[in-house]
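One-letter residues, chain by chain:
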Amino acid sequence: MRTGAAAGHVGYFHEAILYDSDDHLLAVVLPFLLGGVEAGEPTVVGLGGRGAEVVRRALPTGAEVTFLSGADVYSRPTAAIRAYREMLTGHVAAGATQIRIVGELPPVVFGATWDWWARYESAINHAYDDFPLWSMCAYDRRVTPPHVLTDVTRTHPRIARPDGSHEPTGVYTDPASYLAECRPAPLDPLQHTAPVVELVDPTPARAREAVRAADAGLLPPDGVDDLVMAVSEVVCNALRHGTPPVRMRLWCASDRIVVAVHDRGPGPKDPYAGLLPAGDGTEGGLGLWISHQSCDHVTHHRDADGFTIRLTAGNAHVPV
Amino acid sequence: MTGGNATGRAHGHACLVYDDPAALHARTVEQVGLGLAAGEQVWLVGPEDPDAVARRLAAVPGFADARRHGAVRLFRVDEAYRRDEVVDPGSQVRAYVRATTEALAAGHTGLRVLAEATDLVRTPAQRDAFARYEHRVDHWIRHHPMTAVCAYDRRVLGDAAIAELACLHPETNADVLFRLHAGDDDAAVALAGELDPTDECLFAAALERAEPSPVAGRLVFDATDLRFVDHRALLLLREYAHRHGAVAVLRTHRPAPARLVELLGLTDLRVEVVR
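Residues numbered from 1 in each chain as written. Chains lettered and ligands numbered in written order. Predicted model: local features only at pLDDT ≥ 70, side-chain atom pairs only at ≥ 80, totals over all residues.

Caption draft 1: Spotlight on the overall build of chain B. In terms of regular secondary structure, chain B is built from 11 helices and 11 strands. Compactness check: chain B gives a C-alpha radius of gyration of 19 Å against a globular reference of 19 Å for 275 residues, within 12% of the reference. When its C-alpha atoms are laid out on the principal axes, chain B stretches across 65 × 35 × 35 Å. Across the 275 residues in chain B, those meeting the buried criterion constitute 47%. Look at the contacts in chain B between residues 6 or more apart in sequence, and 72% of them connect residues 24 or more apart. (Helix = DSSP H or I, 4+ residues; strand = E, 2+ residues; numbered from the N terminus. Rg over C-alpha atoms; globule rule 2.2 N^0.38 Å. Buried ≥ 20, exposed ≤ 12 C-beta atoms within 10 Å, placed from the backbone. Contact = placed C-beta atoms within 7 Å.)

Below, the structure is given as structure tokens:
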């Protein structure tokens, strides 16, 4: 039996908290967590440093609440989905009838990398719907930009408020529709400069070699191997499933390598491409999913000219 | 052929692809010179009449003497290889085992073979059998005093057919991304180069033809010279090992395959990262 606001709900009960003070946050989160503890449900906190401390101090001593390290969980969206799905699978296997999680993305992701986290917030409505999960995603209105708040209300079916209400956001958009929209990510400033590599219809081997040559020790060895893997996969996908010509461009800065691969096709049809492994591995779904976990940022961009996937290894949090 | 497409620890089994007979001749001259200098017996095997070959090599220092004393032997390809439509891998390897042994017994330091084998691999069935033979003889060569250069004429066979054979040599000038050859110690085979979707079918065929066998439930692939491997190739290795009742073990210098295995949750594929 599920308890609380999600009682009777099947699948994922996904809410946002849009708070503007610690009191506001605690007024929503404390009853949520304590209700979970009281019902014997796995109860998890994935808040960042300060938020976690505020909640930890407010909880009664010995409350059976698990604290995750927010920074680790929310480094890459696809990895977060994978980690959470593993955790949820474990709880359900152990007999849990509901799992409660409150999480908060670190504010750094509201900048250059917000697009893939917006995709995350939308996709999890589908990705976690296999589980009796009730989660709340906390956003501090004081530091969250308006365009991010717009995406938050479109990707969360409900808002949890301090008065105990759980009201529909009213503008929630089904993930398949939301993810199919064209959502241009801001250009990396490097993209305004001439690329150091530009290849047309490269073989995957040629593309890999170009990344290794451009790296020249810039990234840590594991980082360059992961980028080589990701570039290889997206070039393979473009050659196999895209529309020629396939154009690969590469830029280097002291703290990152950026690779954009463009073809004239419409890009992957699967709205969850990259965020979830494609079931049967067709259409390069597994390669894209691996790429999303091998890079520090991946953007999808569609326009009249075709489809561009951009991969960043290194510091993706650049001013835009 | 000491260029980029050779394994760091290559033994003496090379695949020479040529368009110009002059390249084959140059390699033949080189092999004769190396073999005589090292005290080896040299076998030159090809489609041509031995006397015609001998006339071309007459100017090579020491060649005439060496041929007279049996240090250089010339064969037509159908004398050195049993050729009933397709080669029989087992008996062909046994023939070279015997030849190596006899060369040593006659006082040579080993056997050096240059074989122009184009005529033996013209059909898919011939190539399948010959590829199996190439890998079996590769194991013999890796661990015994025999070296071989297998030469194929690109004008006759084309790149795709040659790739099927070239990828089973530790060293080649052919345009192949990966090489699969005999391993050392507990490694059933060694992999070098790069494995990606463009050579997926070629790799699957090479693996089936090499037929590596597990030892004590483990099928060890020495991948320390493998620069890149994608998830498709890992799945293929796992599937092959599983079919042979074994766990696949990939021995590598690079942690990237281990991360891939972890991502994909491939519990029955082990990656051993060695320094």
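Caption draft 2: Main features of the overall build of chain A. A count of helical and extended segments in chain A gives 10 helices and 12 strands. On C-alpha atoms alone, chain A measures out to a radius of gyration of 21 Å, which is about the 20 Å that the 2.2 N^0.38 rule sets for 320 residues. In chain A, the proportion of contacts linking residues at least 24 apart, taken out of those at least 6 apart, comes to 71%.

Caption draft 3: Region of interest: the interface of chain A and chain B. Each side of the interface is counted separately: chain A has 14 residues, and chain B has 13 residues. Residue assignment for the side of chain A that touches chain B shows that the elements contributing at least two residues are helix H8 (204–215), helix H9 (221–241) and helix H10 (285–294) of chain A. The residue makeup of the side of chain A that touches chain B, split by class, is 7 nonpolar, 3 polar and 4 charged. (Nonpolar A, V, L, I, M, F, W, Y, C, P; charged D, E, K, R; others polar.)

Caption draft 4: Quick peek at the sheet that holds strand S10 (residues 256–263) of chain A. Residue and element names in this part refer to chain A. Pairing is antiparallel across the open sheet formed by 5 strands, whose spatial order is S8-S9-S10-S12-S11. On the outer flanks of this sheet lie strand S8 (197–200) and strand S11 (297–303), each paired with one strand and no other. The average angle at which neighbouring strand axes cross in this sheet is 15°, direction not considered. By the bridge criterion, 4 bridges tie S8 to strand S9 (residues 247–253) in an arrangement that is antiparallel. Residue pairing in the sheet places Val-200 in a bridge with Arg-247 of S9. (Pairing = 2+ DSSP bridges. Axes fitted to C-alpha atoms, helices over the stretch in contact; angles between N-to-C directions.)

Caption draft 5: Representation of the confidence of the model for chain B within the structure. Mean pLDDT over chain B works out to 93, with 95% of the residues at or above the 70 mark. Under the prediction, the complex receives an ipTM of 0.89, its pTM being 0.92. (pLDDT = per-residue confidence, 0-100.)

Caption draft 6: Structural view of the sheet that holds strand S4 (residues 111–116) of chain B. Residues and elements named next belong to chain B. Across the sheet, which stays open at both edges, the 6 strands sit in the order S3-S2-S4-S5-S1-S6 with parallel pairing between neighbours. Either end of the sheet is taken by a strand with one partner, and the two such strands are strand S3 (72–76) and strand S6 (171–172). Of the pairings in the sheet, the one linking strand S1 (residues 13–18) to S6 comprises 2 bridges and is parallel in character. Directly across from Ala-14, in S6, lies its bridge partner Glu-171. Of the strands in this sheet, strand S2 (41–46), S4 and strand S5 (146–153) touch helix H5 (residues 89–105), which is tilted by about 140° from S4.

Caption draft 7: Expanded view of the environment of Ala16(A). Residues and elements named next belong to chain A. Mapped onto the fold, Ala-16 is located in strand S1 (residues 13–19). Between the C-alpha atoms of Ala-16 and Arg-161, which are 145 residues apart in sequence, the distance is 8.9 Å. The contacts of Ala-16, once residues within four sequence positions are left out, are Cys-137, Tyr-139, Val-152, His-156 and Ile-159.

Caption draft 8: Representation of the nonpolar core within the structure. Core analysis: the largest hydrophobic core is formed by 169 residues, its most contacted members being Ile17(A), Leu227(A), Val231(A), Val235(A), Val259(A), Leu311(A) and Phe221(B). The biggest single contributor to this core is H9(A), with 11 residues. Non-local contacts of Leu227(A), meaning those with residues more than four positions away in its chain, are made with Val211(A), Leu219(A), Ile257(A), Ser294(A), Cys295(A), Leu311(A) and Ala313(A). (Core = buried A, V, L, I, M, F, W, Y, C linked by C-beta atoms within 7 Å.)

Caption draft 9: Representation of the domain arrangement of chain A in the model. Residues and elements named next belong to chain A. By the assigned domains, chain A splits into domain 1 (4–180) and domain 2 (189–314). Computed from C-alpha atoms alone, the centre-to-centre distance between domain 1 and domain 2 is 30 Å. Tallying the contact residues gives 17 residues for domain 1 and 11 residues for domain 2. Looking at the side of domain 1 that touches domain 2, the elements that each hand over two or more residues are helix H4 (77–93), helix H5 (114–127) and helix H7 (175–180). When residues of the side of domain 1 that touches domain 2 are assigned to their parent elements, the largest contribution, 7 residues, is made by H5. Residue composition of the side of domain 1 that touches domain 2, grouped by class: 11 nonpolar, 3 polar and 3 charged. (Domains from an automatic or database assignment.)

Caption draft 10: Spotlight on the UniProt feature "domain: STAS" (unreviewed entry) in chain B. The UniProt entry lists residues 189–275 of chain B under the feature "domain: STAS" (unreviewed entry), expressed in the numbering used here. This span, residues 189–275 of chain B, is 38% helix and 34% strand, and a straight line between its end C-alpha atoms measures 19 Å. (UniProt positions renumbered as here; feature names shortened; annotations may be inferred.)

Caption draft 11: Highlighting helix H11 (residues 256–264) of chain B. Residues and elements named next belong to chain B. All of the buried residues in H11 are Ala-256, Pro-257, Leu-260 and Val-261. The arc that holds the buried residues of H11, viewed along the axis, is 140°, so those residues lie on one side. Backbone geometry just after H11 places Gly-265 at a positive phi near 65°. (Arc of directions from axis to C-beta.)

Caption draft 12: Representation of the domain arrangement of chain B within the structure. All names here are of chain B. According to the domain assignment, chain B contains domain 1 (13–175) and domain 2 (181–273). The gap between the C-alpha centroids of domain 1 and domain 2 is 29 Å. Counting from both sides, the interface comprises 13 residues of domain 1 and, opposite them, 7 residues of domain 2. Listing elements by their share of the side of domain 1 that touches domain 2, those giving two or more residues are helix H6 (124–143) and helix H8 (159–166).

Caption draft 13: Here's a closer look at unusual backbone geometry. Along the chain, Pro244(A) connects to Pro245(A) via a cis peptide bond; the corresponding omega equals 0°. In this structure, Glu211(B) takes a positive phi of about 50° despite not being glycine. Tracing the backbone shows Glu211(B) in the loop between helix H9 (200–210) and strand S9 (218–229). Phi is positive for Ala216(B), which is not a glycine, with a value near 50°. With respect to the element layout, Ala216(B) can be found in the loop between H9 and S9.

Caption draft 14: Focus on the pairing of S1(A). Residues and elements named next belong to chain A. Across the 7 residues that make up S1, a large majority, 7, are buried. The side-chain alternation of S1 yields two buried faces, one formed by Phe-13, Glu-15, Ile-17 and Tyr-19 and the other by His-14, Ala-16 and Leu-18. Of the pairings in the sheet, the one linking S1 to strand S6 (residues 158–160) comprises 2 bridges and is parallel in character. Directly across from Ala-16, in S6, lies its bridge partner Ile-159.

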